[in-house]
Structure formats: C-alpha cells, structure tokens
Amino acid sequence: MSQSELSEINDLVADLKNIVGGGYVLDDKADLLVYEYDGSIDRGSPVVIVLPASATEISSVLKLARAHSIPVVARGAGTGLSGGAIAEQGGIVISMARMNKILEVNSDDRYAIVEPGVVNLDLSTHVGPQGLYYAPDPSSQRACTIGGNIAENAGGPHCLAYGVTTNHVLGMEVVLADGSVTWFGENERDGVGYDLRGITIGSEGTLAIVTKISVRLLRSPEHVKTILMAFETIEDASAAVTGIIGAGMVPAAIEMMDHFCIKAAEGAVGAGYPEGAGAVLLVELDGLFEAVEEEYEEIEAICREFGPLEVRVADDSLEREKLWSGRKGVLGALGRLAPNYYLVDGTIPRTKLVDVLRQINELSERSGYPIANLLHAGDGNLHPSILFDERKPGDVENILAIGSEILRICVESGGVLSGEHGIGLEKQDQMPLMFSDEDMATMSLLKIAFETEDLLNPGKVFPTGAGCGDISQARAIARVGPGAYI
Amino acid sequence: MVEAQQMSQPSWLNESELYKCVHCGFCLQACPTYLATGLETESPRGRIALMKAVNEGRLEISDQVMRHWDLCIQCRACEDVCPSGVPYGNLIESTMDRLRVHRKIGFVPRLAYEISLRYLIPNQRNLAIVFSMMNFYIKSGLQKLVRKTKILKLISDRLERLEKMTPSINGKFFRAQGQFYSADVEGTEKIQMLSGCVMPLTQGDQMRAAVRMLNRANKDVEIPSNQGCCGAINSHVGGLEKAKELARANIDAFSKGNDSEPIVVASAGCGARMMEYGHLLSDDADYALKAVNFSKRVVDINEFLDQSKLQPGEASIHKIVTYQDSCHLANVQKVKDAPRNLIKSIGGVDFCELKGSNVCCGAGGTYMITEPEMSEAVLTEKIRNLADSGADIIATANPGCFMQLDNGIKAAGLDVEVKYVTELLDETYKQK
Ligand SMILES: Cc1cc2nc3c(=O)[nH]c(=O)nc-3n(C[C@H](O)[C@H](O)[C@H](O)COP(=O)(O)OP(=O)(O)OC[C@H]3O[C@@H](n4cnc5c(N)ncnc54)[C@H](O)[C@@H]3O)c2cc1C
Ligand code: SF4
Ligand code: SF4
C-alpha cells in the first residue's frame, strides 16, 4: 500500500469513528480477517468494518464511501452460501449486528417492524406467545438475519405452502447509495408505481441497504402433524411426492433425504430415521384440526401406493421437533461422512424429479464421488452435496466440474440456477447458462438506475467475464485454503 | 523471525479438528461474548478463523489476537450447537496452552499467577489457609469496613471490583477426604465422590447436602483420600501439564481398591473436566487406558439423582423457581433435563424457564477475575432476564455460577436466592 493510500484509509477510519463511535470501527489486521468469509467457499478482506446503530449512521457511512469511492458491503450474520457478504473488492463492511431490535409487534394487524440484524428465529420466538410466527424458515434460521434473508430472498422447508421471503415482506426502509433514506412498499407510503420493494428483495445488497423491515406475521396453526415416510428407493419417494402434488395438495412442507443424509443425520442427532431406507420424506401438514386429519388420510393413501417401509406420525411438538432436528442438522452432519462436501443449489420442475435424480445418480456413479441428496422436494429445490476430500489431488477440480454439470442438468430440465442461496460470487459466471446477453443488459440497467458508481456490493450477481464458472470457483477455493467447503 | 518460525509449526492444533469448521455461523447466537458485543471478533467462528489464519501462516500471534482468545469464557455453548461437530473445547484449550510462550506479563503478576495455579488451587491445605483468612476478613467486620470506606477504590478500580468478588463462605469447610458416609441400609451400593478444591471451602453446606441426598438414594458415599483439584482451572488458563499431573493423581486416588464404582461429582465444571481425562491423557502411555475407564465412571450428581428416581421429601417449597444451566453440565456433559426434572419434582414448586437459560452467566472459573469487564457485561443481561422472570429462587449446579449469580443479584438488589439443585432437594427433607 502506498503512503497516500494509507493516509486515505487512516482518514476514512477516523471519519467512520466519528460517525459510529470508536468501539464500533475495526481495522486491526486480525479483526479484518474475521470478517473475510461467510458460509460459502470464497474469501475477501475488507479495509474496515463498521457497526452502525441507525439508518442515519448508515447514511453518513454511504456518503463517506461515495466521497472516497470505496465499495460498501452489508453483512448480516455471514451465513450466506454464495459469498454475498464477502468484500471481494475490499472496502467497508457494514455489519448489522447492532441493529437487532424488534421495534413493534402489531398482533391485530399481524405485522412486525424489525431492524435488519434481527435473527430470523428470534422473531418467531418473540411473537410466539401471541400465537403468531414469521413463516420463512431457512435451515439457518437460528443464525441468519432478516436483512440477509431479504437480500437473498431466502426460503425454507415451509416455503412450499407459504412462499419465500418476498411473500412476507410488506415494506422496508432503505438507504440508497447516495445516502438518502427512503421507504419501499406498504406501511408508510402506499405501494403505487413500480414495486421497488420487490426489486430490492433478492438483490443481494447491490441496490440498497435495508435498515428497517415491516414483515407479515401469520397466526400459528391450530393443528400441526409431521409425517415421516421411509421408502426403499429414492425413486419411490420421488414418485410419492409427485403423487401428492399431483393430487392438488399443498402440505406445509415436503422434504426428502437420501440414504447418505439419513446416515449423517442419525449420527449427529439420532432423530430416529430408519437406517435401512433409501430415502425418507418428511411431510408437514398444518391448519384446522379436521382439515389436517382429512389431508393426512389422503396423503397416507397416496404414499401406500408406493410401498413405504414405514409411516410414522408426530403430533406433539416434542416429537415433531425430533423429526425436524435431523433435517435441520443434516447439512453440517455431512461432515461425518467425508472431510468435505460441496453443496449445489438448483431448482427443477417437480415433474422432473425422478429423471433429474436419476441423472445425478448416474453422474455420481460415473465419477466415483458419492452425492448426498437433500431436497425441498415439494418445490423442486435440490441440494445435491458432493462428498470429497480436498486433500486428494484432483478432487477439488473434479467436484467443481460435477457441480457445474448438475446445474446444467437442472437448467436443461427447465429449472433455475439457484433455489434460495443466491448468485453472489459463487454462481455469477454461470448466469449466462440461464440469461441471454439482453437479459443481463436489462438487469444492469436496473442497477444503473439505482447507482452509477457501482459501490454497493460490487462484483456480485453479474458475471466477471472470466467465462467458465469452474475457473472462478477453482480460484475461490485455491484462495480459501483447506476445508472450507459447504 | 522467531514468530514466523513458530507459526510455521502448527503442531499445537489438531488440523482435522480445526478444519471441521465450515464457518456456517450457527454458533454465533450461542456465544455469550458475541451476544454481549455484536462483534464477530468475539465469536466462536471468529476465534476459529484466527486459529486457522495463524495455522496457515497468514497471521502472527499479536496482542490483539490473544485478546480475542482470552475473552472466550470457554463455556462451550458453541460446541453444543455446532452441526459439524467441531470440538471447540479441545481447540481453545490447546491454544491457551500455547499462548503461555507468547505472553508478555510482568514478573510479579506472573509469579502470583504461577504460584496460585501450581501451589494454591491444587493444594487443599494451602487453599484452606487462604479461605480461612477470607472467612476471617468477612466475619471480623473488616470487609464491611473496607467496603464502607471505599479504601480500595483509592488504590485501583480493579482491586475494588475484585474485592466485591470475595466469595461468601457457606458454613464450615467440608473436610471430608478419607471419610465414609453410610446410607445405613442393607444391600446398598457404594459410590465415590469428588470433594474438589474451592467448593468444599466456600460451599461446605451444599457439599454436606449432596452427601445426604446420595445417602437418601441408598448409596454409601466414599470420599477417597489423596484426591485433589480436577485440573479444570489449569487447563482453562493454559496449564495443560499441571492439569495432566492432577488428572493422574485423581485417577490413582479413585482407583484404589475399586476401579468400577461411579464417581459422583457435585460441581459441573469438575465433572466435565474429569469426563475428558481420556482425551487429556490420550498420549500418556501409562495412563491413556486408565483415563478412558475413569472418565466413563464420572457422573454428575443431578443426573445420578434423577436416574435414581428418588422421591423428594415431604416438605414443599411454595416458590417460583428457575434454573440457570451450568455451561459445563449442559454443553459438555449434555445434562439438561435432569436438574429441571429434579426441581419440578419438588412439591409446591412453580417452575419457570429463564429466558436465555442456556447462555453462560459470565463466571467461567477464573474468568470473572481475569476478565471482569466482559464477565460483568455478560452477567448484566442474565440479571435482566432473571428480574423479568419473576423467580424467587434461581437454582444452578456449579460453584462458579453460584458465586457469579449471587454477586449479580446483590449488585442489582434483587430479591432472589441462589441455590444448588441438590440443596433445594435436601430442604424438602427438613422438619418444619
Ligand atoms: C447450514 C446452512 C443452511 C442454510 N439453509 C438455507 C435455507 O434453508 N434456505 C435459504 O434460503 N438459505 C439457507 N442458507 C443460506 C443463508 O443462511 C441465507 O442466504 C441467509 O438469508 C443469509 O442471511 P445472513 O444474515 O447470514 O446474511 P449474510 O450472509 O451476512 O449476507 C447475505 C447477503 O445479504 C446482504 N445483506 C445483509 N444484510 C443486508 C441489509 N441489511 N441490507 C442489504 N443487504 C444486506 C449481504 O450483502 C449479502 O449479499 C443456509 C446457510 C447455511 C450455512
Ligand atoms: S457452528 Fe461449527 S462449523 Fe459452524 S461456524 Fe460455528 S464452529 Fe464452525
Ligand atoms: S466457548 Fe463460549 S465464549 Fe468461547 S467461543 Fe464458544 S460460545 Fe463463545
């Protein structure tokens, strides 16, 4: 770093301290390193980290960033799986950790106003006693923030019936790149004109920084029933899913795990999944008592057609929690089967489930790498996880190629690149698989409409021009070092 | 240069444990220091990232780096919630041990520190002398005088704060090594019990209550002689060699005559340490096997009593009671339900779950003395939740938690009593 660059950074740090207070600006080398990563495989060091306490402070930070022409990256809990919160080009990381208050809960009109750093599960826990909950429930809900959920338009097992984040956000306060503070969506100003709220959700922090959110709350269902169904093969389980959906039913959740996942989850939490099964389905029904029971009978009848090895029902919340604990912990538990796993996130039409899984299975056999399949089966969101050992020469290159191949299979079957984890750094170079040059030009026009300087989370979403996705990921992994795969 | 060389020898960390961390962030919300600060530098994932960076030679061990590790309370809540099974306890323990060579502390504090770790805590006789002096200090009225005149504040704020932590001493010392307490019924089994280091001095009454409860559960209780401190304090602050020495001594003391009887432990932190002797001594050719066997015998008193299905006594306790998880009971020994079951079994008790009951109270063994600011920050949130809970009694299972909660309650002027779970049970047998 040159002398003048150094003194510019010193000035910047001093100014930031004036805005948020000395204890909330970190620029020690060790401290920067702790904010280099998120839940993905990439890494990038910011120049400085700030922890503001209000939209006003964020506005000042953005103005300062613009004056210095330095990029700004918002950070929630850093659980993202596509590198969204990584300061790939250096710059200022704005951590939302201090903006974690639930500002208002209105149980009559069923909404809450929260700051972006509120942890997803904390909101449901907080409103639970009033018989309410916040529906989007990513598996990372113990840790991830509502702000991060908005930026990634996160979903979860229950989005099958209830939709993803965008279906539950009424409106939000944002700070734009020039530091102006405004409101998108309902609640303070009426939602006429363009749906700026909708555009911002899923924009991965590239259009605006979200500082306050009005979310819809749902009434906790009167009755919930979780059903575990074990099948001999994954084809049988997939066929059962197609059967359920085909009969026009929309359970609250349909999750599928293959035999690898069953083994890993059992090792980790002992949720009671039958170990001999080729796949299990976890189906959840909720609603009014009679309706749930009726639906249950129907679903059970459909599943019987595909010869389940076992059907087990959990009615009370403890038993339900136990069945879910296996599902929610399975990703981390894969570490028990192999030193590393590489999780691929893609979505396909549900009718193609059997076909795509067969292709993935063939790919696994051909390549010799086990692929554990974990699916939000109800909406066709796949998480095939390739098991490997990064210490074996060639493994990293091979699994990246397999990952790309899987995404190609998804797109060719009429699916999309990302189910819920976003594009970020990880998949930006695969965007051309799905979008034409014109599509991408239109999207960049949108970005330009918000800011021309490209300082808000630059280098995300759009391809860097390196061409092949494999190269970018291999580069990422080479930089991350051992053991850092999700 | 020396630093660089040391860094390129990553031997102190077990890489296959370290690289299990996939930085998913699931542990953030479990970490008391992250919750208190909002800083990822004070989070488990952050502390692990620093270990990785040092391990890879990307970072030197600076004062700043040590600060972040030192501020870890070693409550191991992160380990309990980690889906990847990262053994954080092992990682931080070996890191703290390694740091001894990097610390630049003055000669006098270092001497005081080494003396207390080597000669005081592990030696019951020396420790008893110190606590007798403390007892005198409290009972003679000297403490009142010191507090009233605020004389220590004149010397330093820190000293004053330390003084406030002088433990209250509950009843006579529990001098029980070599004693045998019979249940006085036929056909009972014998169990062995740890008397510990600080607990028999500060919590003599509670230790006696524990023995009575075990007798009521029809167990003869033997307190083997020549046992000593479990080594937890030494391992937390980076004295693994001394901890191993203590572990070997305890293995010998508890294996004389019989090496299969359960070893019941009334202090959660000690129980956790002893359950991991197997790991601690895994590279000791003479003791590795013995240690594994020893660890299997260790059982916490709450777990033991809960499994014995002993019915509580006649007297009921008409109070709102809550429970603070002792970290090393919940996170290391994985005992969460037993103490709650025991409390709920008492007639008259209205049990309420404390918000954040599974988050550390900030005690952390000697942490409350070495890191008073962070300890207090963590405690503040705990006391706030306690006040909101409306409880009359907060029960817990470890002497450190007991003292820390007691200090916090007194400082906040709350009308809440701190009790051991076993002490509460014991009270149900008292004649009115
Ligand atoms: C084990 C595991 C399981 C997961 N399961 C799921 C799942 O089931 N479903 C799912 O959808 N995701 C899942 N994820 C991915 C991840 O948890 C989500 O993407 C989550 O929404 C990220 O939230 P965060 O707070 O961690 O955000 P971060 O990772 O910190 O940031 C994510 C993006 O949001 C931006 N951002 C954060 N806060 C703001 C703000 N206030 N304003 C503007 N931009 C902001 C960042 O710049 C970044 O681009 C999982 C992750 C892990 C590690
Ligand atoms: S939960 Fe485990 S794997 Fe995840 S960041 Fe924490 S220590 Fe690492
Ligand atoms: S042991 Fe406790 S204080 Fe230390 S990192 Fe883990 S959760 Fe945080």
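Residues numbered from 1 in each chain as written. Chains lettered and ligands numbered in written order. Predicted model: local features only at pLDDT ≥ 70, side-chain atom pairs only at ≥ 80, totals over all residues. Heavy atoms only, no water.

1. Some thoughts on the overall build of chain A
A tally of regular secondary structure across chain A gives 16 helices and 19 strands. Looking at chain A as a whole, 58% of its 486 residues are labelled buried. Intrachain contacts of chain A at a sequence separation of at least 6 include 73% that bridge at least 24 residues. When the accessible surface of chain A is totalled, it reaches about 18,500 Å², and 51% of it is carbon and sulfur. (Helix = DSSP H or I, 4+ residues; strand = E, 2+ residues; numbered from the N terminus. Buried < 20%, exposed > 50% of the residue type's maximum accessible area, 1.4 Å probe, protein only. Contact = heavy atoms within 4.5 Å. Areas by Shrake-Rupley, 256 points an atom, 1.4 Å probe, with all protein chains shown as cover.)

2. Considerations on the sheet that holds strand β8 (residues 169-175) of chain A
Residue and element names in this part refer to chain A. Taken in spatial order, the five strands line up as β5-β6-β10-β8-β9 in an open sheet, and their pairing is antiparallel. The sheet is open, and its two edges are formed by β5 (102-106) and β9 (181-185), each paired on a single side. On average, each strand axis in the sheet is tilted by 15° relative to the strand beside it, whichever way the strands run. Of the strand pairs in this sheet, β8 and β9 are connected by five bridges, and their pairing is antiparallel. Residue pairing in the sheet places Glu 173 in a bridge with Trp 183 of β9. Packed onto the sheet, helix α3 (residues 55-68) meets β8, β9 and β10 (209-216) and runs at close to 50° relative to β8. Together, β5, β6 (111-114) and β10 form the strand contacts of helix α4 (residues 120-127), whose direction differs from that of β5 by roughly 45°. (Pairing = 2+ DSSP bridges. Axes fitted to C-alpha atoms, helices over the stretch in contact; angles between N-to-C directions.)

3. Observations concerning the domain arrangement of chain A
Residue and element names in this part refer to chain A. Each assigned domain of chain A is listed with its residue range as follows: domain 1 (3-95), domain 2 (102-219) and domain 3 (223-412). Taking only C-alpha atoms, the centre of domain 1 and the centre of domain 2 are 23 Å apart. Taken together, the 15 residues of domain 1 in the interface contact 15 residues of domain 2. Taken together, the two surfaces of domain 1 and domain 2 that pack against each other cover about 1,100 Å², and 67% of this comes from carbon and sulfur. (Domains from an automatic or database assignment. Buried area = accessible area lost by both parts, 1.4 Å probe.)

4. A short note on the site of ligand 2
Around ligand 2 lies a shell of 13 residues, among which Cys 21, Cys 24, Gly 25, Cys 27 and Cys 82 of chain B are the nearest. Considered class by class, the residues forming the shell around ligand 2 number nine nonpolar, three polar and one charged. (Near = heavy atom within 4 Å. Nonpolar A, V, L, I, M, F, W, Y, C, P; charged D, E, K, R; others polar.)

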